[in-house]
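# Residue-level structure breakdown
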Amino acid sequence: VKTWIPDERNFAYLTWKQVDALPRDHTLLILPTAAIEQHGYHLPLATDTLINNLLLGKALRIIPKEMPIYALPAVCYGKSNEHLGFPGTLSVSAQTFLAVVRDLGASIAASGFKKVVLYNTHGGNSPLVDVLARDLRAEFGLRTFSLFGSPDAQFEGVSRQERTYGFHAGEIETAYLLHCAPDLVRTGQYTANYIARVEQLELLKPEGSSANFAWLTGDIAPSGVLGDPSAATAENGERWSNDAAARIAEILVAMYNFEPRHGA
Ligand SMILES: [Zn+2]
């Protein structure tokens, strides 16, 4: 898989003697979590993993050099059972995902590190990442943080419909890929499906409200796309990824400097 992580920020390129010499009590390790799953006719299976790497790689290029902040190799297999039935989707169960990240947390703690960030770019993993962030704190005393997607990105120009229901392989993901890996985008193969319409005020929503219905991609989207990629451009992908990376860099620095306050 392609990488935008600078070599000097790649934890897996260190030797154990170099790791041993790190200031481990305040080094910040980032564990990316993503997916290998269908993304319609037009985007590759690794889309969520590539976007994670792109945004994190750009962010790591702008954080101050002297801060010991490293990216671990990604857990690129995620909980993707919403996309089962589409060939190429490689999903692990919730139990497996929880066990793998928990065991990596155990290794991180056993290596003497104190601070870890879970950076997730696949929606199906998000509830598990929330659970893990607290469990790694409780079980190993790790100072744990969670970070999701493109924090605070404005996505100017994207319609309210696409912003709300462009869940998967829609305009935003396609724009990111057109920017970073245009050779992997089949621009003649776009399809569009929506799970719901913003102008229809249904009582039950697909997610994020107080009353939701559980969905599988195959229920709604024969092509596997939830959203509409047709307005995506490489220029927007570049601008949005730079904006998101700038915000991620700020957040990582805040996590690096974070000290919990009692009674604040
Ligand atoms: Zn995706």
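Description of the structure in this document. (Residues numbered from 1 in each chain as written. Predicted model: local features only at pLDDT ≥ 70, side-chain atom pairs only at ≥ 80, totals over all residues. Heavy atoms only, no water.)

### Things to note about the overall build of the chain
When its secondary structure is counted, the chain shows eight helices and four strands. Along its sequence from the N terminus, the chain presents helices and strands in the succession α-β-α-β-α-β-α-β-α-α-α-α. A principal-axis box enclosing the C-alpha atoms of the chain has dimensions of 55 × 40 × 35 Å. The buried share of the chain, reckoned over its 264 residues, is 49%. Long-range pairs, those at least 24 residues apart, make up 80% of the contacts in the chain with a sequence separation of at least 6. Of the accessible surface of the chain, which amounts to about 12,800 Å², a share of 54% is contributed by carbon and sulfur atoms. Positive and negative charge centroids in the chain, built from 22 and 28 side chains respectively, lie 6 Å apart. (Helix = DSSP H or I, 4+ residues; strand = E, 2+ residues; numbered from the N terminus. Buried < 20%, exposed > 50% of the residue type's maximum accessible area, 1.4 Å probe, protein only. Contact = heavy atoms within 4.5 Å. Areas by Shrake-Rupley, 256 points an atom, 1.4 Å probe, with all protein chains shown as cover. Lys, Arg positive; Asp, Glu negative; His and termini not counted. Charge placed at Lys NZ, Arg CZ, Asp CG, Glu CD.)

### Let's talk about the pattern of salt bridges
All told, the structure shown has seven salt bridges when counted by the stated rule. Residue Lys2 pairs with Asp183 through a salt bridge whose shortest N-O separation is 3.5 Å. Here Lys2, found in the segment before helix 1 (16-20), pairs with Asp183, found in the loop between helix 6 (171-180) and helix 7 (217-220); they are 181 residues apart in sequence, far enough to count as distant. The salt bridge partner of Arg247 is Glu250, with a shortest N-O separation of 2.9 Å. Within this pair, Arg247 and its partner Glu250 are both found in helix 8 (residues 234-257), separated by three residues, close to a single helical turn. Where salt bridges share partners, they join Arg102, Asp103 and Glu139 into one cluster. (Salt bridge = Lys/Arg side-chain N within 4 Å of Asp/Glu carboxyl O.)

### Some details on the packing of helix 3 (residues 94-110) against helix 4 (residues 126-140)
For the pair helix 3 and helix 4, the least separation of the axes is 10 Å and the interaxial angle reads 35°. Two packed elements cross with a definite hand, and for helix 3 against helix 4 that hand is right-handed. Listed contacts from helix 4 to Ala94, Phe97, Leu98, Val101, Arg102, Gly105, Ala106 and Ala109 of helix 3 are Leu128, Val129, Val131, Leu132, Leu136, Glu139 and Phe140. Among the residues forming the contact of helix 3 with helix 4, the class breakdown is twelve nonpolar, one polar and two charged. (Axes fitted to C-alpha atoms, helices over the stretch in contact; angles between N-to-C directions. Left-handed = near helix turned anticlockwise from the far one by under 90°. Nonpolar A, V, L, I, M, F, W, Y, C, P; charged D, E, K, R; others polar.)

### A short note on the coordination of the zinc ion
Taken together, the protein donors to the zinc ion comprise His39 (NE2), Asp48 (OD), Glu173 (OE) and Glu173 (OE), at separations of 1.8 to 2.7 Å. In this structure, the zinc ion is surrounded by four donor atoms whose angles at the metal cover 52 to 135°, and the resulting shape is irregular. For the zinc ion, the donor residues sit on a single chain with the sequence spacing H-x8-D-x124-E. Of this pair, His39 sits in the loop between strand 1 (28-33) and helix 2 (47-62) while Glu173 sits in helix 6, placing them 134 residues apart in sequence. (Donors = N, O, S within 2.8 Å, 3.2 Å for Na, K, Ca; no water. Tetrahedral: all angles 85-135°; square planar, octahedral: opposite > 155°, others 65-115°.)

### A short note on the layout of surface pockets
What the largest pocket holds in volume is close to 1,100 Å³. Contributing to the lining of the largest pocket are 33 residues, with His122, Gly123, Gly124, Phe167 and Glu207 lying nearest its centre. Sorting the residues of the lining of the largest pocket by element identifies helix 2, helix 4, helix 5 (160-165) and helix 6 as the ones contributing at least two each. Of the volumes computed, that of the second largest pocket is approximately 300 Å³. Surrounding the second largest pocket, 16 residues form its lining, Thr3, Asn53, Leu72, Pro73 and Ala74 being those nearest its centre. Element by element, the count of residues in the lining of the second largest pocket is highest for helix 2, at four residues. (1 Å grid on protein atoms, 1.4 Å probe; cavity = no way out; pocket = protein on both sides within 12 Å on 5 of 7 lines; lining within 4 Å. Points joined across faces, edges and corners; volume = space filled by probe spheres on them.)

### Quick notes on the environment of Met67
By secondary structure assignment, the location of Met67 is in the loop between helix 2 and strand 2 (69-71). Taking the relative accessible area as the measure of exposure, Met67 reaches 13% and is therefore buried. Placed 39 residues apart in sequence, Met67 and Leu28 show a C-alpha to C-alpha distance of 8.6 Å. Here Met67 is in contact with Arg9, Val253, Tyr256 and Asn257, once residues within four sequence places are set aside.

### Quick look at the packing of aromatic side chains
Two descriptors summarise a pair of aromatic rings, namely the distance from one centre to the other and the angle between the planes of the rings. In the structure shown here, the tally under the stated rule is six aromatic pairs. Summarising the aromatic geometry, the rings of Phe145 and Phe258 are spaced 5.6 Å apart at their centres and angled 90° between planes, so their arrangement reads as edge-to-face. Within this pair, whereas Phe145 is found in strand 4 (residues 143-148), its partner Phe258 is found in the segment after helix 8, the two being separated by 113 residues in sequence. For Phe145, a relative accessible area of 10% corresponds to the buried category. On the basis of relative accessible area, Phe258 is assigned to the partly exposed category, the value being 36%. Consider the rings of Phe167 and Trp215, whose centres lie 5.7 Å apart with planes at 25°: the pair is stacked. Taken together, the residues Phe167 in the loop between helix 5 and helix 6 and Trp215 in the loop between helix 6 and helix 7 connect sequence positions 48 residues apart. Classification of Phe167 by relative accessible area gives partly exposed; the value is 23%. Within the aromatic cluster, the residues linked to one another by ring pairs are Phe11, Tyr70 and Phe113. (Phe/Tyr/Trp six-rings, centres within 6.5 Å; stacked < 30°, edge-to-face > 60°.)

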